[in-house]
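Results of the structural survey
Below, each chain spelled out in residue letters.
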Amino acid sequence: TPIVIQYTILSNNWGAVHKQDNGFLRLADFNMAGMMAEELDGLDMSFERIKIPSAGSTVFEVPGENPGEPDTVKEFSAVILYHHPLHAYYKTKYTGGNQPPDCGSFDGITGEGDPGGNCSTCPLNRFGTGENGSKACKNRRRIYVLREGEIFPLLLSLPTGSLKEFTKYIKRLLSKGRKSNSVVTRFTLKKATNSGGIAYSQAQFAIDRPLTGEEYALIGRLSEQVKAYSKRVGFEVDNAVEIDSDEAPFADPETGEVIEPLK
């Protein structure tokens, strides 16, 4: 019989009693590195994905109880364990499979392959070099999240149209002295329109609640494990995401300024 833990969150506006069936405290007996080595040796290293739809839909697809039958939800809450930029350039249009990019970067700073080098000065990393005014080198951001009551992370791959909102959210957290893995984040979607008049689904982020000290200690340990495994996840995970509808330049509707995402 699982132990039900009841505890009180003491913070400025959070108050109240938070009841969960172990919640994030289940991580106390979980070691992802050991589980990976023992249970997934030789198997697929990928994480199950949370999908952002195209064409302006405002519901996520999240892994459900039955494989192949995802649940659709308006919002979900999870801790951001780790996040990093991902750049990928294909000389020819990606058509599926496990084909690696001609040039790729897991840090958004240095590309490996052809042409390789400094991402910030690469001409392929500029708007107007790709289809519909987009970048020839696709910029995304991988976010590894953990929902409460679960012990294995999920992967959310943010497309270009959501990078600005994520950057703003991370900056808000930092301005309050918080890290992204110290709070539970609420994820939602809104319908937006890019500078080319195409509707797309844009992710929104807000603090749900801060973690307790005990939770944060456990989350911190898992964050390090996820960071260590993140570079083993192939580019095909992100290539499978629909990108045709949201890759045009994203300009501020008031100033016309294209704001680059967080590095």
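Conventions adopted
- Residues numbered from 1 in each chain as written.
- Predicted model: local features only at pLDDT ≥ 70, side-chain atom pairs only at ≥ 80, totals over all residues.
- Heavy atoms only, no water.
- Phe/Tyr/Trp six-rings, centres within 6.5 Å; stacked < 30°, edge-to-face > 60°.
- Helix = DSSP H or I, 4+ residues; strand = E, 2+ residues; numbered from the N terminus.
- Core = buried A, V, L, I, M, F, W, Y, C linked by side-chain atoms within 4.5 Å.
- Buried < 20%, exposed > 50% of the residue type's maximum accessible area, 1.4 Å probe, protein only.
- Contact = heavy atoms within 4.5 Å.
- pLDDT = per-residue confidence, 0-100.
- Polar contact = N/O pair within 3.5 Å; in protein donor to acceptor, adjacent residues only side chain to side chain.
- Salt bridge = Lys/Arg side-chain N within 4 Å of Asp/Glu carboxyl O.
- Expected span 1.5 Å × (residues − 1).
- Pairing = 2+ DSSP bridges.

Remarks on the packing of aromatic side chains
Using the criterion set out here, one finds 8 aromatic pairs in the structure. On the numbers, 6.5 Å between centres and 20° between planes, the contact of Tyr 82 with Tyr 144 is stacked. Of the two residues, Tyr 82 sits in strand S6 (residues 75–89) while Tyr 144 sits in strand S10 (residues 137–147), which places them 62 residues apart along the sequence. Members of the aromatic cluster, connected to one another through ring pairs, are Phe 60, Phe 76, Phe 166, Tyr 169, Phe 187 and Phe 205.

Some details on the nonpolar core
Formed by 22 residues in total, the largest nonpolar core has its most connected members in Ile 50, Phe 60, Val 145, Leu 158 and Phe 187. Contributions of two or more residues to this core are made by strand S4 (60–62), S6, S10, strand S11 (154–158), helix H2 (160–175), strand S12 (183–193) and strand S13 (199–210). When residues in this core are grouped by element, the largest group, 5 residues, is from H2. Setting aside residues no more than four positions away along its own chain, Val 145 makes contact with Ile 50, Ala 78, Val 79, Ile 80, Leu 81, Pro 153, Leu 154 and Phe 187. Judged by nonpolar contacts, the second largest core, of 18 residues, contains Leu 81, Tyr 82, Leu 146 and Leu 211.

Remarks on the confidence of the model for the protein chain
Here the protein chain averages 79 in pLDDT, while 74% of its residues score no lower than 70. Throughout residues 1–20 the model reports pLDDT below 50, and contacts reaching past four residues in sequence, or to other chains, amount to 40 contacts. Considering only residues more than four positions removed or in separate chains, one finds that residues 242–260, a stretch of pLDDT under 50, has 43 contacts.

Focus on the side chain of Ser 182
Tracing the chain through its elements places Ser 182 in the loop between H2 and S12. A polar side-chain atom of Ser 182 sits 2.7 Å from the main-chain carbonyl oxygen of Lys 179. Excluding its chain neighbours within four sequence positions, the residues that come into contact with Ser 182 are Pro 210, Leu 211 and Tyr 216.

So, the pattern of salt bridges
Applying the stated criterion across every chain yields a total of 5 salt bridges. Between Glu 150 and Arg 147 there is a salt bridge, with the nearest N and O atoms lying 2.9 Å from each other. Residue classification places Glu 150 among the partly exposed residues on the basis of a relative accessible area of 26%. Shared partners join several salt bridges into a network, and the residues in it are Glu 148, Arg 209 and Glu 215.

Here we look at H2
Here H2 contains 16 residues, and its C-alpha end-to-end distance of 24 Å stays within 8% of the 22 Å for a straight helix at 1.5 Å per residue. Within H2, burial applies to Thr 160, Gly 161, Ser 162, Leu 163, Glu 165, Phe 166, Thr 167, Tyr 169, Ile 170 and Leu 173. Looking at the buried side of H2, the elements it contacts are S6, S10, S11, S12 and S13. Trailing H2 by a residue or two, Gly 177 shows a phi angle of about 75°, which is positive.

Some details on the pairing of S12
Where S6 meets S12, 5 bridges bridge the pair, whose relative direction is antiparallel. What sits directly across from Ala 78, in S12, is Thr 185. Where S12 hands over to S13, the hairpin turn is made up of 5 residues, of which Gly 197 adopts a positive phi near 85°.

Here's the deal with the environment of His 87
With respect to the element layout, His 87 can be found in strand S6. In this structure His 87 comes out as buried when scored by relative accessible area, which is 4%. In this structure the C-alpha to C-alpha distance between His 87 and Cys 103, which are 16 residues apart in sequence, comes to 8.1 Å. Side-chain polar atoms of His 87 contact the side chain of Asn 139, separated by 3.4 Å.

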